[in-house]
Protein chains: 2
Amino acid sequence: MKISAIITLKQDVLDPQGKVIHQTLDGMGFKDVKEVRQGKYFEIEVEENDPSKAKKLVEDICKKLLANLVIENYKIIETQ
Amino acid sequence: MKISAIITLKQDVLDPQGKVIHQTLDGMGFKDVKEVRQGKYFEIEVEENDPSKAKKLVEDICKKLLANLVIENYKIIETQ
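The present account deals with the structure reproduced in this document. Fair warning: this is a prediction, and the values are worked out from it, not measured in the lab.

1. What to know about the overall build of chain A
No. 1: For chain A, the helix and strand inventory stands at 2 helices and 3 strands.
No. 2: Along its sequence from the N terminus, chain A presents helices and strands in the succession β-α-β-α-β.
No. 3: If one aligns the C-alpha atoms of chain A with their principal axes, the spans along those axes are about 45 × 30 × 15 Å.
No. 4: Counting over 80 residues, chain A shows a buried share of 36%.
No. 5: Contacts in chain A between residues far apart in sequence, at least 24 positions, make up 69% of those at least 6 positions apart.

Next up, the structure:
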């Protein structure tokens, strides 16, 4: 089954990439944007078919490889 | 309100980054992974408080700036 992992910077960590996107949007005329923060997204297909076991596996992958837990948070969701 | 945009490569487009992550996971002992595909994630805070209008705005932003519609798909979700 497919499980998605979303990795975002913690709230207090500066996000220069997001800031640049925000400025660009402002220049393009999108004036109603308050903040943009960029994150990473992974779609991981695993052999496991039990949702909770599959999520556990992807959580393990996030902790060990994909996320830097000092500055990032992760969120695991079932891919719709 | 906060709206999230997830941008993924279309199914037929090669994803070398995802492939490298898959290989790395394999080397780390995660043998139950079938495929990894990487995407981009944006959390956009807009002034608009009406969910459907806010989503429409973020969709517009995806089309005009964030996504390359030739090779990428986007998905708009309300941030939980």
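2. Some thoughts on the pattern of salt bridges
No. 1: The tally for this structure, following the rule as stated, stands at 15 salt bridges over all chains.
No. 2: One salt bridge in this structure joins A:R37 and A:E35, with 3.8 Å as the shortest N-O distance.
No. 3: Across the pair B:K31 and B:D26 runs a salt bridge whose closest N-O atoms are separated by 3.7 Å.

3. Digging into the packing of helix α2 (residues 51-66) of chain A against helix α1 (residues 16-27) of chain B
No. 1: Where α2(A) contacts α1(B), the two axes come as close as 12 Å, and the packing angle between them is 100 degrees. Classified by the interaxial angle, the pair formed by α2(A) and α1(B) is roughly perpendicular. In contact with A:I61, A:L65 and A:L66 of α2(A), α1(B) contributes B:I21, B:T24 and B:L25.
No. 2: By residue class, the composition of the contact of α2(A) with α1(B) is 5 nonpolar, 1 polar and no charged.

What counts and how
- Residues numbered from 1 in each chain as written.
- Chains lettered and ligands numbered in written order.
- Predicted model: local features only at pLDDT ≥ 70, side-chain atom pairs only at ≥ 80, totals over all residues.
- Heavy atoms only, no water.
- Helix = DSSP H or I, 4+ residues; strand = E, 2+ residues; numbered from the N terminus.
- Buried < 20%, exposed > 50% of the residue type's maximum accessible area, 1.4 Å probe, protein only.
- Contact = heavy atoms within 4.5 Å.
- Salt bridge = Lys/Arg side-chain N within 4 Å of Asp/Glu carboxyl O.
- Axes fitted to C-alpha atoms, helices over the stretch in contact; angles between N-to-C directions.
- Parallel < 35°, antiparallel > 145°, perpendicular 65-115°, else oblique.
- Nonpolar A, V, L, I, M, F, W, Y, C, P; charged D, E, K, R; others polar.

Geometry only, nothing functional implied.
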